[in-house]
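# Structural features, examined
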Amino acid sequence: MPSVGDVGSIIGLALFAAVNPTLLAVVTIMMLLPNTKRLMFGYLMGAYITSITLGMVIVFSLHDSGAVSSAKRTLSPIEDFVIGAILLLAGYVLRSRGEELRERRKHRKEHKEQKAGGEPKQSWPERMLGRGSARVTFVVGLLLSFPGVSFLTALTRIAKLDWAPAPTAAFVIVIALVQQLLLELPLLGYAFAPDWTQDAVKRFRAWISRSGLRAASYVALTLGVLLILRGVITLL
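Now for a look at the structure at hand. In this text, all values refer to a predicted model and were calculated from it rather than measured experimentally.

## Section: the overall build of the protein chain
Each helix and strand in the protein chain was counted, giving 11 helices and 0 strands. Tracing the protein chain from N to C terminus, the helices and strands come up as α-α-α-α-α-α-α-α-α-α-α. Looking at the protein chain as a whole, 41% of its 236 residues are labelled buried. Long-range pairs, those at least 24 residues apart, make up 84% of the contacts in the protein chain with a sequence separation of at least 6. A total of about 13200 Å² of accessible surface is found on the protein chain, and carbon and sulfur atoms cover 66% of it.

## What about a nonpolar patch on the surface?
Side chains of L223, V225, L226 and L229 sit close together on the surface and give an oily, nonpolar patch of about 350 Å² of accessible area. Structurally, the position occupied by V225 is in helix α11 (residues 213–235). Taking relative accessible area as the criterion, V225 reaches 41% and is therefore assigned partly exposed.

## Things to note about the side chain of S51
Relative to the helices and strands, S51 resides in helix α3 (residues 36–61). On the basis of relative accessible area, S51 is assigned to the buried category, the value being 0%. Polar contacts involving the side chain of S51 include one to the main-chain carbonyl oxygen of Y48, which spans 3.4 Å. If we ignore the near neighbours within four places in the chain, the residues touching S51 are S145, F151, A176, Q179 and Q180.

## Regarding the environment of G224
By the element assignment, G224 lies in helix α11. Residue classification places G224 among the buried residues on the basis of a relative accessible area of 0%. Each C-alpha atom, one on G224 and one on L89, is 8.6 Å from the other, the two residues being 135 residues apart in sequence.

## Notes on the environment of A206
With respect to the secondary-structure elements, A206 resides in helix α10 (residues 194–211). Judged by its relative accessible area of 29%, A206 is partly exposed. With 174 residues separating them along the chain, A206 and L32 place their C-alpha atoms 9.7 Å apart.

So, how was this worked out
- Residues numbered from 1 in each chain as written.
- Predicted model: local features only at pLDDT ≥ 70, side-chain atom pairs only at ≥ 80, totals over all residues.
- Heavy atoms only, no water.
- Helix = DSSP H or I, 4+ residues; strand = E, 2+ residues; numbered from the N terminus.
- Buried < 20%, exposed > 50% of the residue type's maximum accessible area, 1.4 Å probe, protein only.
- Contact = heavy atoms within 4.5 Å.
- Areas by Shrake-Rupley, 256 points an atom, 1.4 Å probe, with all protein chains shown as cover.
- Patch = residues over 30% accessible without salt bridge, like charges linked within 9 Å, V, L, I, M, F, W, Y side chains within 5 Å.
- Salt bridge = Lys/Arg side-chain N within 4 Å of Asp/Glu carboxyl O.
- Polar contact = N/O pair within 3.5 Å; in protein donor to acceptor, adjacent residues only side chain to side chain.

Shown next as structure tokens:
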């Protein structure tokens, strides 16, 4: 019979996986775009399908530690590539949003009365995320939710508990849900406190604009390049 400590350590690993840079970058991007709630919901559904499906496959198929270690070595560079790509995307979005905000301020100073239909053109990452399309973010969630090292370790420990299939599958679903807390908490806010959540998102956007989008974009772009280089070196 597994101890409370075993179960607690697995939940702890799932919580650690929840704060991974990939998900943080995606959530940040979606909070800067219109229709945040719809974008998050689409991404979350895609993430559930990938994480739960792969979680089941790993737990019920990879029982020996050698196979799990091999999976970790294979997925580690993939994780670097994915996180690096997301950070590059985040850096581009932050940079483009900063440029748009500066252009808007300049336009307001030069023209006190704006012309009708003068909305600024959206950047490519904004168009890629579907302008509020949950279908597009669903696909993005499918592609960017492969298990990281922490999630793989949690799955390994679940397999070693040697539970019956039903409770094992239920536990996989639980840690897959825990892993998506950065998306689930805002969506719960939209469901139970929509006005407060919407105001919080607006305050976040305002804070980002005041805090220097250009500096944040440089940090994200630099980290993205370094992670992709590390992934390349790992594969060589």
